[in-house]
Amino acid sequence: MNNLTRRTLMKGVAAAGLTGVLGGRAAMAADEPLGITLVIPSPVGDVGWGHALAAGLEPVKAAYGDKVKVTVIENIPEGPDADRIMNKTVSDGNNFLIAGSFGYQNGALQIARRNPAVTVLHASGFQVASNFSPFAAKYFQGTYLLGMAAAALSKTGKLGSVSAFAIPELITSINAFTLGAQAVNPDVEVSVVWVNSWFDPAKEQEAAKALMAQKCDVIFSNAQDTPSVISACEEAGVYAFNLNSSMKKYAPKTYLGCVATDWSPFFKASVDAHVAGTFKGANAFLGVSDAVVEVVDWNPDIPADVMTRIKAIEAKIADASFSPFIGPITKADSSQGVAAGATLTDGEIVAMDWHVTGVSTPLPK
């Protein structure tokens, strides 16, 4: 897998000039490999979001061998640089683009519209076109379970979350975490610090320490691409968990678990469809039943009776007989969130812009 950085790519963009970047895609010979490009806002690293996305392409490479060429472009901030770089990779003849950040949506969608032969997958978005599919994980299915574990281990009844951006994907994760905790301890409270970054180790660590100062004794690292929160919690003897890939090696004692994602089933199916000429854009919202989301590395400190309850709920989530968002659910402002007996649809979940009762930190405006 070829990893490129922002600096390397921007040199190429400058050399090509704006006309070359925005021009039509280069024609490819029939015997050339399919160019697959993954663009991400942070380093691939050994853990986190970028790592999980890159790992999801390994089975594609194994299945197709030299019939595909995978390039990972890392450290690309959301904005004009990302747009130019994504355009450049398509104009260079790469016909399969994975735009790995929410903020890449508009630029990636324009690429899809201008290049009907190109397939684009976009992380965490909501726009759909015939050759453009947004994809997101049902993290909330796992964070609900870890909320149950957190409440069972918490001595203060105060839980925390260091969270990247206030987008629905992360809001739903916090809400489900809170609801799962309330299933074990109805009086639990959750505080949130929004760091407004996917990758800022120093800021993430400061946020974790601020939550610990508020007596939060279990902390959810919500979409950080570094182990900063997990390491800080290990040092302080505070339980912590995260999304996407295991960070247990950074917290061998206090690691609560991980809502891991395996993107390979979705990536492989999408590449298969592109090659067959049958790809159709759709909103891919994937979870436990899709073999994309799984909670791993459960901490042995979780009481056995609670673990039994967790596993029972996990099985119901897998067979779709239970959702974390079954009513009645009350919003943090005391209004009705979900009526008794009702269940939020996927569409309502991906548009969630409110917190449940129990989350004490207001959403940023």
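Reading the values: rules and limits
Within each chain, residues carry numbers counting from 1 in the order of the written sequence. With pLDDT at 70 or above as the cut-off, local features in this predicted model cover only qualifying residues; side-chain atom pairs require 80 or more to be listed or tallied, and sums for whole chains, interfaces and linings still use all residues. Remark: hydrogens and water are excluded; side-chain values derive from all non-hydrogen atoms of the structure. pLDDT expresses, on a scale from 0 to 100, how confident the predictor is about each individual residue. Pairs of residues are marked as contacts when any of their non-hydrogen atoms sit within 4.5 Å. Of the grid points, spaced at 1 Å and generated over the protein atoms alone, those admitting a 1.4 Å probe that cannot get out make up cavities, while open sets with protein on both sides within 12 Å along at least five of seven lines make up pockets; any residue with an atom within 4 Å of a point is treated as lining. Grid points are joined across faces, edges and corners, and a volume is the space filled by probe spheres set on the points. Each residue gets one label: Ala, Val, Leu, Ile, Met, Phe, Trp, Tyr, Cys and Pro are nonpolar, Asp, Glu, Lys and Arg are charged, and the others, such as Gly, are polar. Note on ring pairs: Phe, Tyr and Trp rings are taken, using the six-membered ring of Trp, and paired if centres are within 6.5 Å. Classes follow the plane angle, with under 30 degrees stacked, over 60 edge-to-face and the rest tilted. Here a helix means four or more residues in a row that DSSP labels H or I, a strand means two or more in a row labelled E, and each is numbered from the N terminus. To sort residues, take the accessible area from a 1.4 Å probe on protein chains only and compare it with the maximum for the residue type: under 20% means buried, over 50% means exposed, and anything in between is partly exposed. We treat two strands as partners when DSSP finds at least two bridges between them. Axes here refer to lines fitted to C-alpha atoms; in helices the fit is confined to the stretch in contact. Angles between the N-to-C directions go from 0 to 180 degrees. In this scheme the handedness of a crossing depends on how the near helix is turned from the far one: anticlockwise by less than a right angle means left-handed, clockwise means right-handed. Multiplying one less than the number of residues by 1.5 Å gives the expected span of a helix. Consider the strands pointing away from the viewer: the crossover is right-handed when the path from the first strand over the helix to the second runs clockwise. The working definition used for a salt bridge is a side-chain nitrogen of Lys or Arg within 4 Å of a carboxyl oxygen of Asp or Glu.

## Regarding the confidence of the model for the protein chain
In the predicted model, the protein chain carries a mean pLDDT of 92, and 92% of its residues have values of at least 70. Every residue in residues 4–29 scores below 50 in pLDDT, and together they form 46 contacts with partners more than four places removed in sequence or on other chains.

## Re empty space enclosed by the protein
Regions of empty space are outlined by a rolling probe, equal in size to a water molecule, passed over the atoms. Per the stated rule, a full pass over the model turns up one cavity of 30 Å³ or more. Space inside the largest cavity adds up to approximately 150 Å³. Every residue lining the largest cavity is counted, 14 residues in all, and those nearest its centre are Trp49, Ser124, Glu169, Trp198 and Ala223. Residues of the lining of the largest cavity, tallied by class, amount to seven nonpolar, five polar and two charged.

## Overview of the packing of aromatic side chains
Applying the stated rule across the entire model yields 13 aromatic pairs. With a centroid separation of 6.0 Å and an interplanar angle of 45°, the aromatic rings of phenylalanine 140 and phenylalanine 285 are classed as tilted. Remark: phenylalanine 285 occurs in strand S12 (residues 284–286) and phenylalanine 140 occurs in helix H6 (residues 139–153); sequence separation between them is 145 residues. Taking the relative accessible area as the measure of exposure, phenylalanine 140 reaches 3% and is therefore buried.

## Brief notes about the sheet that holds strand S8 (residues 189–194)
Pairing in this open sheet of six strands is mixed, and the strands run S8-S7-S9-S10-S11-S13 from one edge to the other. Both outer strands of the open sheet, S8 and strand S13 (293–296), are each paired with one neighbouring strand and no more. On average, each strand axis in the sheet is inclined to that of its neighbour by 15°, with strand direction left out of account. Bridge count between strand S7 (residues 158–163) and strand S9 (residues 218–222): five bridges; the pairing is parallel. Paired with valine 162 across the strands is serine 221, a residue of S9.

## Looking at the packing of H6 against helix H7 (residues 168–184)
With their axes 6 Å apart at the nearest point, H6 and H7 run at an angle of 40° to one another. Seen from above, H6 lies across H7 with right-handed handedness. Note on element contacts: H7 touches H6 through Glu169, Thr172, Ser173, Ala176, Phe177, Leu179, Gly180, Ala181, Ala183 and Val184, opposite Tyr139, Phe140, Thr143, Tyr144, Leu146, Gly147, Met148, Ala150, Ala151 and Ala152. The class makeup of the residues in the contact of H6 with H7 is 14 nonpolar, five polar and one charged.

## Points about helix H10 (residues 264–276)
Structural remark: α-helix, 3.6 residues per turn; residues separated by three or four positions point the same way. Over its 13 residues, H10 extends 18 Å from the first C-alpha to the last, a length consistent with the 18 Å expected when each residue adds 1.5 Å. Listed in full, the buried residues belonging to H10 are Ser264, Phe266, Phe267, Ser270, Val271, Ala273 and His274. At the C-terminal side of H10, glycine 277 shows a positive phi close to 75°.

## So, the pairing of S7
Counted residue by residue, S7 has five buried out of six residues, so it is predominantly covered. Two elements, S7 and S8, share six bridges in a ladder whose sense is parallel. For valine 162, the partnering residue across the bridge sits in S8 and is valine 193. Following the backbone out of S7, through H7 and into the adjacent parallel S8, one traces a crossover that is right-handed.

## As for the pattern of salt bridges
Following the criterion strictly, the structure yields eight salt bridges and no others. Of the charged contacts in the structure, one is a salt bridge between arginine 84 and aspartate 81, with a shortest N-O distance of 2.5 Å. In this pair, arginine 84 and aspartate 81 are both assigned in helix H4 (residues 80–91), three residues apart and thus about one turn of the helix distant. Residue aspartate 81 is classed as buried on the basis of its relative accessible area of 11%.

## Details of the side chain of serine 264
As for its position among the elements, serine 264 is in helix H10. Classification of serine 264 by relative accessible area gives buried; the value is 12%. Serine 264 has contacts with Gly56 and Pro59, leaving out every residue within four places of it along the chain.

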